[in-house]
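Residues per chain are reported as follows:
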Amino acid sequence: MIFNELSYFVLFLLPSVVLFHSSPARFKPWIISAFGSAFFVYYGYLHFGGFWGALCVFLFAWEILTSRLYKKGSRFCLFGIVQAIVILFAFKYLTFGTGAWNDLATTLGLPQLSPIHRLILPLGVSFFTFEFIHFAADTYWGKTERVSLAEYSAFILFFPSMVAGPIKRIQDFQPKLREARFDSALASQGVTRILAGLAKKHVLADTFTLWSDRLNTDALYAAPGWQVALWVLAYGAKIYFDFSGYSDIAIGSGYLFGLRIPENFAWPYGSANITEFWRRWHISLSSWIRDYVYVPLGGSRAGSGRTALNLLLAFGVSGLWHGAAYNFVVWGLWHGALLVIHRAWSSRGMQLPKLAAVALTFVAVNLGWTFFCMDIGRATLALGKMFGFS
Amino acid sequence: MTSLVTLLEKLGGAQPMNARGRVRSVALGLWWLALLTMVLFFSGRYSKFVYVDF
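Cut-offs used in this document
Residues numbered from 1 in each chain as written. Chains lettered and ligands numbered in written order. Predicted model: local features only at pLDDT ≥ 70, side-chain atom pairs only at ≥ 80, totals over all residues. Heavy atoms only, no water. Helix = DSSP H or I, 4+ residues; strand = E, 2+ residues; numbered from the N terminus. Rg over C-alpha atoms; globule rule 2.2 N^0.38 Å. Contact = heavy atoms within 4.5 Å. Buried area = accessible area lost by both parts, 1.4 Å probe. Salt bridge = Lys/Arg side-chain N within 4 Å of Asp/Glu carboxyl O. Polar contact = N/O pair within 3.5 Å; in protein donor to acceptor, adjacent residues only side chain to side chain. Expected span 1.5 Å × (residues − 1). Buried < 20%, exposed > 50% of the residue type's maximum accessible area, 1.4 Å probe, protein only. Axes fitted to C-alpha atoms, helices over the stretch in contact; angles between N-to-C directions. Parallel < 35°, antiparallel > 145°, perpendicular 65-115°, else oblique. Left-handed = near helix turned anticlockwise from the far one by under 90°. Nonpolar A, V, L, I, M, F, W, Y, C, P; charged D, E, K, R; others polar. Core = buried A, V, L, I, M, F, W, Y, C linked by side-chain atoms within 4.5 Å. Phe/Tyr/Trp six-rings, centres within 6.5 Å; stacked < 30°, edge-to-face > 60°. Lys NZ or Arg CZ within 6 Å of the ring centre and 35° of its normal. pLDDT = per-residue confidence, 0-100. Patch = residues over 30% accessible without salt bridge, like charges linked within 9 Å, V, L, I, M, F, W, Y side chains within 5 Å. Areas by Shrake-Rupley, 256 points an atom, 1.4 Å probe, with all protein chains shown as cover.

Attention now goes to the overall build of chain A. From N to C terminus, chain A includes 17 helices and zero strands. Its C-alpha radius of gyration of 22 Å places chain A within 12% of the 21 Å reference for a compact globule of 390 residues. Over its C-alpha atoms, taken along the principal directions, chain A stretches across nearly 65 × 50 × 50 Å. Counting contacts in chain A only where the partners sit at least 6 residues apart, residues at least 24 apart contribute 71% of the total.

In structure tokens, the structure reads:
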């Protein structure tokens, strides 16, 4: 949806690219901002909550205004970080948060909260709030140059990466925006990348979906373990082709503007260990989690026990970010635990032959997908079947 | 292996493809047409991207 709708190309990408390249430099950021706002309103209205979903465009206006107050070491930056977290929590986690509290309250005999039903989820809220936090935090730490209102506006409203990333960094985007020119070779590469991304989605991801979707049907109960394992592998293939295809379209769209936005994938299933996997899978998110969760928690600077805890916390947050449900938290903790094991393993100088290491990493990652694509009950059943326990 | 990866990355637009010259330009155009045909042929089964919040 969106990137595979004709309206994305006809109403937004092509006209904005033409206007962008035919305008003087000082207007270019405003063209991105205008089209980004229209994109948010149009698809917000169409797919993300109707009128109220479209109205969420004022979150960007508010962020642009408050960002003017950000200075190195300023409390306004901390306010900016808190407000982005509040936006994310209010729209994405309130229902899950009250449900989780009530589950806990039932166990401990505490008073329950009234269930809160989510009204809308603004388009791209998981991604744009992370860009808000990045800018506020980096400004607080003095890691940003002076960013004009127009440049910041273009940064957060750059619509090819607004819906699902790649999550950009202002230090990377700002100079590229200033130097953006039409480059026919890059534009041609962009068209190839967009078409290849669409093909990955429609030809490959959607074909693997035919099998992986069986995991969430009654077919799971009757299926033998080997078949469940094949469906889980199909999910692993589907999610790779789906999200890397999506990222290709976003990055290719950026090329048409003459802008190179961050890469998100680098052949992740060829990784020889889980640390390497996270350097090659959803790169823009894993580097964000590293810089704004793992490192501020202390990273690997305070002993192996604290490092293990930080890894588990960072990947727990990453899991929860992927979805407001317990199964995503388990998925995140699974990867955190794998990273802890790998650190312990490699610190003792233990190594597997390359092919065995790649195979082991592939199996571990795909076992994790079990919790990503099903609720905990079904995932436990699926794992039980795969390992012959049920 | 490296050359296969390079070829796939060029075909996927992750690496620049030298399309100067008439023959290469025609080849690139045919590749675009092949991709577009595949997309149109296979489209319409599932539309949602996994990572888009709904």
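Picking up after the structure, the text goes on.
This paragraph deals with the interface of chain A and chain B. The interface of chain A with chain B comprises 44 residues on the first partner and 30 residues on the second. At the boundary of chain A with chain B, total buried surface from both sides reaches about 3100 Å², with 67% on carbon and sulfur atoms. Three residues stand out in chain A for area buried against chain B, namely A:Met1, A:Leu195 and A:Trp267, and they jointly supply 19% of the buried area on that side. Summed over the shared surface of chain A and chain B, the result is zero salt bridges. In this structure, the connection of chain A to chain B is made through five residue pairs in polar contact (both at pLDDT 80 or more). Contributions of two or more residues to the side of chain A that touches chain B are made by α6 (125-140), α9 (184-212), α11 (225-256) and α14 (303-322) of chain A. Residue contributions to the side of chain A that touches chain B peak at 16 residues, all from α9(A).

Moving on: α11(A). All names here are of chain A. Over its 32 residues, α11 runs 47 Å from end to end, which matches the ideal 46 Å to within 8%, given 1.5 Å per residue. With 27 of 32 residues buried, α11 lies mostly within the body of the structure. Positive phi shows up at Gly 258, right after α11, with a value of about 85 degrees.

For the rest of this paragraph, the subject is the packing of helix α5 (residues 75-108) of chain A against α6(A). Residues and elements named next belong to chain A. The contact between α5 and α6 brings their axes to 8 Å, and the two run at 165 degrees. Between α5 and α6, the angle falls in the class roughly antiparallel. Read as a crossing pair, α5 and α6 show a hand that is left-handed. Together, Cys 77, Leu 78, Gly 80, Ile 81, Ala 84, Ile 85, Ile 87, Leu 88 and Lys 92 of α5 and Val 125, Ser 126, Thr 129, Phe 130, Phe 132, Ile 133, Ala 136, Ala 137, Thr 139 and Tyr 140 of α6 make up the contact between the two elements. Looking at side-chain class alone, the contact of α5 with α6 contains 14 nonpolar, four polar and one charged residues.

Residue and element names in this part refer to chain A. Along the chain, Gly 165 connects to Pro 166 via a cis peptide bond; the corresponding omega equals 0 degrees. Residue position: Pro 166 is located in the loop between α7 (149-156) and α8 (170-179). At Trp 267, a residue that is not glycine, the phi angle is positive and equals roughly 50 degrees. Within the secondary structure, Trp 267 sits in the loop between α11 and α12 (274-280). Here Trp 267 falls in the partly exposed class, since its relative accessible area comes to 35%. For His 282, which is not glycine, the phi dihedral falls at a positive 40 degrees.

Before going further, it helps to examine the side chain of A:Glu131. Following the sequence through the fold, A:Glu131 ends up in helix α6. Once residues within four sequence positions are removed from consideration, A:Glu131 is found in contact with A:Tyr152, A:Phe155, A:Ile156, A:Pro166, A:Ile167 and A:Lys168.

Turning our attention to the nonpolar core. Counting residues in each nonpolar core, the largest one holds 120 residues, and the members touching the most others are A:Tyr8, A:Phe39 and A:Trp281. Those residues within four positions of A:Trp281 in sequence are excluded, and the remaining contacts are A:Ile239, A:Tyr240, A:Asn264, A:Phe265, A:Pro268, A:Tyr269, A:Ser286, A:Trp369 and B:Tyr51.

Once that is clear, we can look at the side chain of A:Ser67. Residue and element names in this part refer to chain A. As for its position among the elements, Ser 67 is in helix α4 (residues 58-67). Among the polar contacts listed, one links the side chain of Ser 67 to the side chain of Arg 68, at a separation of 3.5 Å. Ignoring sequence-local partners within four residues, the contact set of Ser 67 consists of Phe 135 and Tyr 152.

Another aspect to go through is the environment of A:Ser300. Residue and element names in this part refer to chain A. Among the secondary structure elements, Ser 300 is positioned in the loop between α13 (283-294) and α14. Sequence separation between Ser 300 and Leu 311 is 11 residues, and the spatial gap between their C-alpha atoms is 8.8 Å. Setting aside residues up to four positions removed in sequence, Ser 300 forms contacts with Tyr 294, Thr 307 and Arg 343.

What follows is about the packing of aromatic side chains. Residues and elements named next belong to chain A. In total, this model carries 58 aromatic pairs over all chains according to the counting rule given. Geometrically, the ring pair formed by Phe 60 and Phe 128 is tilted, given 4.6 Å between the ring centres and 50 degrees between the ring planes. Of this pair, Phe 60 sits in helix α4 while Phe 128 sits in helix α6, and the two are 68 residues apart along the sequence. A cation over a ring is seen here: Lys 92 above Trp 321, with NZ or CZ 5.4 Å from the ring centre. Here the guanidinium or amino end of Lys 168 rests over the ring plane of Phe 173, the centre of that ring lying 5.6 Å away.

On to the pattern of salt bridges. Residue and element names in this part refer to chain A. In total, this model carries 11 salt bridges over all chains according to the counting rule given. Its salt-bridge partner being Glu 276, residue Arg 280 comes within 2.3 Å of it at the nearest N-O pair. You can see Arg 280 and its partner Glu 276 sitting in helix α12, four residues apart, about one turn around the helix.

Okay, the confidence of the model for chain B next. Residues of chain B with pLDDT of at least 70 account for 91%, and the chain-wide mean is 86. Prediction confidence for the complex, expressed as pTM and ipTM, is 0.92 and 0.92 respectively.

Bringing the environment of A:Val57 into the picture now. Residues and elements named next belong to chain A. Take Val 57: it is sitting in the loop between α3 (50-55) and α4. It is 6.5 Å that separates the C-alpha atoms of Val 57 and Phe 40, two residues lying 17 residues apart in sequence. Contacts of Val 57, omitting those with residues within four sequence positions, involve Ser 37, Phe 40 and Val 41.

Once that is clear, we can look at a nonpolar patch on the surface. Residue and element names in this part refer to chain A. Residues Leu 6, Val 10, Leu 11, Tyr 42, Tyr 45, Leu 46, Phe 51, Trp 52, Leu 55 and Phe 58 make up a contiguous nonpolar surface patch of roughly 1100 Å² in combined accessible area. Residue assignment for the nonpolar patch shows that the elements contributing at least two residues are α1 (6-21), α2 (28-47) and α3. You can see Phe 51 is positioned in helix α3.

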